[in-house]
Amino acid sequence: MAVFVALGAFLMTLAGGWTAQRVTDRRHLVLGLAGGLMLGVVGLDLLPEALEAAGDEVFGVPEALLLFVAGFLLAHLVERLLAARRAAHGAEENGHRAPEVGLTAAAAMVGHSAMDGVAIGAAFQVGGGMGAAVAMAVIAHDFADGFNTYTLTSLYGNARRRAIAMLVADAVAPVAGAASTLLFSIPEGVLGAYLGLFGGALLYLAAAQILPEAHHEHPARSTLLCTVAGAAFIWLVVGVAE
């Protein structure tokens, strides 16, 4: 049942990626919406779950928050190192962005989607009602995951075929994650640590790259409204799931 339900997440992820690539003539609106979706996913979904799963404190600070900050700094460090390496070799960056950053971010999205599948499988092990609730939340926000995966990959100058490949991988990930729960389960503390780290990295990409790019050439009110709408959509998804 968990694997069958995860197929819904597969279809929603593909739908999100398809939407992202079909509206290239409104790129600033796409980026504004992606930034809002990412902000909503981090602040309203990932971080609360990370705090609940990894609740231990280190010197008075929750472990999940420390990893959240570490993820933010790690994403910044990786981007700067890749950009410096390309500059040192005389390579011309695409819009001053290293394509490897986009692939790395998309790979993290794939990992997050796999964890979504694991969450579906684990919830169904608890009971049918719990499984249905978790599945509804995952399927709803996987549209945003697909949208963001394609946008992140292509924003950093990667070819369309790479963006599509990462989108397909992101769509398959929840199905594989749900199937894996038939064999093993991930400790709650490890899952919480991963969500905290990934959330920090995702917030960096949204705040430092996606949103500035969205307003760089088109500082329109409509772009800002798309960002607010993206965050509000995730709030709605979380509220319905609860």
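Residues numbered from 1 in each chain as written. Predicted model: local features only at pLDDT ≥ 70, side-chain atom pairs only at ≥ 80, totals over all residues. Heavy atoms only, no water.

1. Thoughts on the overall build of the protein
And step 1. Scanning the protein for helices and strands turns up 8 helices and 2 strands.
And step 2. Element order for the protein, N to C, with α for helix and β for strand: α-α-β-β-α-α-α-α-α-α.
And step 3. Relative to its full complement of 242 residues, the protein shows a buried share of 43%.
And step 4. Considering only contacts within the protein whose residues lie at least 6 apart along the sequence, 82% involve residues at least 24 apart. (Helix = DSSP H or I, 4+ residues; strand = E, 2+ residues; numbered from the N terminus. Buried < 20%, exposed > 50% of the residue type's maximum accessible area, 1.4 Å probe, protein only. Contact = heavy atoms within 4.5 Å.)

2. Notes on the nonpolar core
And step 1. Residues Met-38, Leu-46, Phe-147, Leu-152, Leu-202, Leu-205 and Ile-210 are the most contacted members of the largest nonpolar core, which totals 35 residues.
And step 2. Listing elements by their share of this core, those giving two or more residues are helix H2 (27-53), helix H3 (63-88), helix H4 (99-126), helix H5 (128-155) and helix H7 (188-216).
And step 3. When residues in this core are grouped by element, the largest group, 10 residues, is from H2. (Core = buried A, V, L, I, M, F, W, Y, C linked by side-chain atoms within 4.5 Å.)

3. Notes on H7
And step 1. Counted at 1.5 Å a residue, the expected span for H7 with its 29 residues is 42 Å, and the 41 Å between its end C-alpha atoms agrees.
And step 2. For H7, the principal kink sits at Ala-206 and spans about 35°. (Expected span 1.5 Å × (residues − 1). Bend = angle between axes of the 7 residues up to and from the residue.)

4. Points about the packing of H2 against H7
And step 1. In the contact formed by H2 and H7, the axes pass within 8 Å of each other and the chain directions differ by 155°. Taken together, the axes of H2 and H7 lie roughly antiparallel to each other. The two elements H2 and H7 meet at a crossing, and its hand is left-handed. (Axes fitted to C-alpha atoms, helices over the stretch in contact; angles between N-to-C directions. Parallel < 35°, antiparallel > 145°, perpendicular 65-115°, else oblique. Left-handed = near helix turned anticlockwise from the far one by under 90°.)

5. Here's the deal with the environment of Trp-18
And step 1. Mapped onto the elements, Trp-18 comes out in helix H1 (residues 2-22).
And step 2. Measuring from C-alpha to C-alpha, the distance between Trp-18 and Phe-143 comes to 9.8 Å, with 125 residues separating the pair along the chain.

6. Some details on the environment of Gly-117
And step 1. Mapping Gly-117 onto the fold places it in helix H4.
And step 2. Contact partners of Gly-117, with chain neighbours within four places excluded, come to Pro-174, Gly-177 and Ala-178.

7. Regarding the confidence of the model for the protein
And step 1. Overall, the predicted model of the protein reaches an average pLDDT of 80, with 83% of residues at or above 70.
And step 2. Ranking the helices and strands of the protein by mean pLDDT puts helix H6 (residues 160-180) first, with 91, and H5 last, with 74. (pLDDT = per-residue confidence, 0-100.)

8. With respect to the environment of Gly-200
And step 1. Its place among the elements puts Gly-200 in helix H7.
And step 2. The exposure class of Gly-200 is buried, given its relative accessible area of 0%.
And step 3. With 158 residues separating them in the primary sequence, Gly-200 and Val-42 have C-alpha atoms 7.8 Å apart.
And step 4. Once residues within four sequence positions are removed from consideration, Gly-200 is found in contact with Phe-68, Gly-71 and Phe-72.

9. Section: the side chain of Ser-180
And step 1. Counting through the fold element by element, Ser-180 comes out in helix H6.
And step 2. The class of Ser-180 is buried, set by a relative accessible area of 16%.

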